[in-house]
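Topology and contacts: notes
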Amino acid sequence: MKLTPGATTLEQLETLWRGDGIAVLDPAARGGVEAACAQVAAAAAGTVAVYGVNTGFGKLASVKIAQEDTATLQRNLILSHCCGVGEALDEGATRLMMALKLLSLGRGASGVRWAVIEQIESLLAQGVIPVIPAQGSVGASGDLAPLAHMTATMIGAGEAIYKGKRMASGEALKAAGLTPLVLGPKEGLGLINGTQFSTALALVGLFEGWQNARASLVTAAMSTDAIMGSTAPLQPEIHSLRGHRGQIDVAHALRMIMEGSIIRESHREGDTRVQDPYCIRCVPQVVGAAVDLLRFAATTLETEANAVTDNPLVVSAGIISGGNFHAEPVAFAADIIALALAEIGAIAQRRVALMVDPTLSHDLPPFLTPAPGLNSGFMIAEVTTAALMSENKHLANPCSTDSTPTSANQEDHVSMAAHGARRLGRMNANLSVILGVEALCAAQGIGFRAPLETSSALQAAVAALRQVSPALKEDRYLAPDIEAAAALVRTGALTAAAGLQVTL
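Report follows, based on the coordinates. The residue numbering used here restarts from 1 in each chain and proceeds along that chain's sequence as written. Owing to the predicted nature of the model, reporting of local features is limited to residues with pLDDT of at least 70; listing and counting of side-chain atom pairs is limited to 80 or more, with chain, interface and lining totals taken over all residues. Side-chain measures were taken over the full set of non-hydrogen atoms in the model, leaving aside hydrogen atoms and water.

It is worth spelling out the sheet that holds strand β6 (residues 159-162) at this point. Across the sheet, three strands lie side by side as β4-β6-β7; this open sheet has antiparallel pairing. Sheet topology places β4 (128-130) and β7 (165-168) at the edges, where each strand pairs with a single neighbour. Strand-to-strand twist in this sheet, taken as the mean axis angle between neighbours without regard to direction, amounts to 35°. Strand pairing follows a simple DSSP-based rule, namely that at least 2 bridges must link the two strands. Only runs of H or I of at least four residues qualify as helices and only runs of E of at least two qualify as strands under DSSP, and these elements are numbered from the N terminus. Bridging between β6 and β7 involves four bridges; their strand directions are antiparallel. Considered in β7, the bridge of E159 is made with A168. We call two residues in contact when some of their heavy atoms are within 4.5 Å. Lines are fitted to the C-alpha atoms to define the axes, a helix being fitted only along its stretch in contact, and any angle between axes, read from their N-to-C directions, falls within 0 to 180 degrees. Its contacts with the sheet place helix α4 (residues 91-105) against β4 and β6, and it is angled at close to 90° to β4.

The subject of this paragraph is helix α5 (residues 114-126). Expected span of a helix: the number of residues minus one, times 1.5 Å. End to end, α5 covers 18 Å across 13 residues, agreeing with the expected 18 Å (1.5 Å per residue, within 8%). Here α5 has its buried residues at W114, V116, I117, Q119, I120, E121, L123 and L124. Positive phi appears at G127, one or two residues downstream of α5, with a value of about 75°. Whether a residue is buried, partly exposed or exposed follows from its accessible area with a 1.4 Å probe, protein chains only, as a fraction of its type maximum: under 20%, in between, or over 50%, in that order.

Right, let's get into the layout of surface pockets. A 1.4 Å probe that fits into a set of points on a 1 Å grid over the protein atoms alone but cannot get out defines a cavity; an open set with protein on both sides within 12 Å along at least five of seven lines defines a pocket, and lining residues are those with an atom within 4 Å of a point. Grid points are joined across faces, edges and corners, and a volume is the space filled by probe spheres set on the points. Taken as a whole, the largest pocket spans an internal volume of roughly 440 Å³. In terms of lining residues, the largest pocket is bounded by 19 residues, among which D90, L201, R422, G425 and R426 are the most central. Elements with a contribution of two residues or more to the lining of the largest pocket: β3 (85-88), β5 (133-135), α9 (196-226) and α17 (417-448). Here the term charged refers only to Asp, Glu, Lys and Arg, the term nonpolar to Ala, Val, Leu, Ile, Met, Phe, Trp, Tyr, Cys and Pro, and the term polar to all other amino acids, Gly among them. Per-class residue counts for the lining of the largest pocket are nine nonpolar, four polar and six charged.

Just to be clear on terms, a salt bridge is a Lys or Arg side-chain nitrogen sitting within 4 Å of an Asp or Glu carboxyl oxygen. One pass over the structure, following the stated rule, counts 13 salt bridges. The salt bridge partner of R351 is E438, with a shortest N-O separation of 2.5 Å. Placement of the pair is R351 in helix α15 (residues 328-356) and E438 in helix α17, with a sequence separation of 87 residues. Both residues of the pair, R351 and E438, belong to the buried class. When the shortest N-O distance is used, the salt bridge between E391 and R426 registers 2.9 Å. Highlighted residues: E391 in helix α16 (residues 379-395) and R426 in helix α17, separated in sequence by 35 residues. Given the relative accessible area of 47%, R426 is considered partly exposed. Via salt bridges that share partners, R245, D249 and R295 belong to a single interconnected network.

Time to look at helix α3 (residues 70-81). For an α-helix the count is 3.6 residues per turn, leaving residues at separations of three or four pointing the same way. With 12 residues, α3 should reach 16 Å at 1.5 Å per residue; the first-to-last C-alpha distance of 17 Å fits that figure. Summarising the contacts, the buried residues of α3 are in contact with α6 (144-154) and α8 (187-192).

What follows covers the nonpolar core. Formed by 148 residues in total, the largest nonpolar core has its most connected members in L13, V128, L203, V218, M222 and F378. Apart from the residues lying within four places of it in its own chain, the contact partners of M222 are A439, A442, A443, I446, L458, A461 and V462. The criterion is simple. A nonpolar core is a set of buried Ala, Val, Leu, Ile, Met, Phe, Trp, Tyr and Cys residues joined through side-chain atoms within 4.5 Å. Ranked by size, the runner-up nonpolar core spans seven residues in total, among them A36, V40, A44 and V53.

The next point concerns the side chain of S216. Of note, S216 is situated in helix α9. You can call S216 buried: its relative accessible area is 1%. Here a polar contact is recorded for every N or O atom pair within 3.5 Å, except that within protein the pair must consist of a potential hydrogen donor and a potential acceptor, and residues adjacent in sequence are included only if both atoms are side-chain atoms. Within the structure, S216 has its side chain in polar contact with the backbone oxygen of A213 (distance 2.7 Å). When residues no more than four places from it in sequence are discounted, the contact partners of S216 are V287, I344, R351 and L435.

Attention now goes to the packing of α4 against α9. The interhelical angle for the contact between α4 and α9, taken along N-to-C directions, is 125°, at an axis separation of 8 Å. Between α4 and α9, the interaxial angle falls into the category oblique. At the point where α4 passes α9, the crossing takes the right-handed sense. On α9, the residues that touch A93, L96, M97, L100, K101 and S104 of α4 are Q196, F197, T199, A200, L201, L203, V204 and F207. Along the lines of polarity and charge, the residues of the contact of α4 with α9 split into 10 nonpolar, three polar and one charged. Here the word oblique covers every angle except those under 35 degrees (roughly parallel), over 145 (roughly antiparallel) and from 65 to 115 (roughly perpendicular). Here a crossing is called left-handed whenever its near helix is offset anticlockwise from the far helix by less than a right angle, and right-handed whenever the offset is clockwise.

Okay, the packing of aromatic side chains next. Any pair of Phe, Tyr and Trp rings, taking the six-membered ring for Trp, is counted once the centres come within 6.5 Å. Such a pair is stacked with planes under 30 degrees apart, edge-to-face with planes over 60 apart, and tilted for the rest. Scanning all chains against the criterion turns up one aromatic pair. Ring centres of W17 and F207 lie 5.7 Å apart, and the angle between their planes is 35°; on these two criteria the pair is classed as tilted. Here F207 lies in helix α9 and W17 lies in helix α1 (residues 10-18), a separation of 190 residues in the sequence.

With that settled, the discussion passes to empty space enclosed by the protein. If you walk through the whole model with that rule in mind, you get two cavities of 30 Å³ or more. Taken as a whole, the largest cavity holds about 50 Å³ of empty space. Residue lining of the largest cavity: T224, S230, T231, L234, L254, M258 and I280, and that is the complete set. Reported here for the second largest cavity is a volume of approximately 30 Å³. Along the walls of the second largest cavity sit F378, L440, Q444, R466, S469, P470, A471, L472, R476 and D481, which together make up its complete lining.

Among the secondary structure elements, H252 is positioned in helix α11 (residues 245-258). By relative accessible area, which is 39% here, H252 ends up partly exposed.

No statement about biological role is implied by the geometric values presented.
Structure representation (structure tokens):
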């Protein structure tokens, strides 16, 4: 895939993350890259101290480095910063991070040689994936430790994955027919300053979150029919009077996938209930607001994906130190995504609770089992959703407000974007299970309404679910059913079966 610095789309980045990990920069970027590189080379040969070119780093910026030591300076920088810990980042997110670094360097403000860009492109093309520990960044002065581990593989240090095997990076490069890169002036700093680790994980959180948000519309519609809820609150005029785009879009999507439901038509007259609980009636208002948050975060992250975020930068005034490495925009975006995920899960969990409660479910059997008492049905599946909902509420607490000084107070305010973005993976996994259980319960409830039928779109969703989880007639070992349903949510198969059309 050809990437254009400054103009790469979220769709392209999602494609890269989902499996097409081969990315190259538009060759048109080369002129700007080489012009900036020439300025750095001139500075390295001069006598004036230029941060990161011929000086130490951080609190050691006042230490001047001799010209003959600049290559050693850059290599030492990388090795000393490889201090990440914890589980390794998965390969998809690592490829995405590397592509984001290409985009940043390709803007022509970092001062690296084109050979640096070619090394990243070669790693992606040959499938050499650096092993990057997921913990250790505070999201300011760049994602230093994670990006240092990426760069280590480029220079033949550290570890990498090649053809499914974890090995020393030097061995991986040799096996792939590649040569370790020798870093030039500022190149190590240009590679490890930046927000690409945080941004990649925030993007993964966004992509997975959008998948979950769309699936929640299908499960909400299924639940509405399962409890014989009203679609009157979905009338377009209600939502246009408020005016929020997400709310309008969600109401429209729900109307479309519930159109033609015989279950709905059966209780338009004579239903003694005046209003449904909020978890049914207010889906457009709650999930719509979450959709708006995801869209806002998407705009921020698309901008950040195309941004130059290292330091110092080669600009018209010279080589200038700034603060583009500070990941506050990414931290805010991650916190916003977390809020959206927590609330989508919270309202979905209440629908699960509604369906298993015979006092609220409009004559569905207790815990959705044909023989309650002897069988517990979905009793504990609902408890699981409550546990995951509560966990996501805790995880949704903001990370961006949790700054702590580092590097001898030189870096005295940091974003915490890295773990703010990393926690989104856990939240999305939890949410997919909540929605999977809701789908199981709703399909069971719809089955109890026979011979009345739901809409054709929701019948297709139920049919997809029934391929992996038969209707619950008596108690059985449910964990595999829950995982299979969650997988339908995560992969988008449930949404596709219903033919749902909502775009970010």
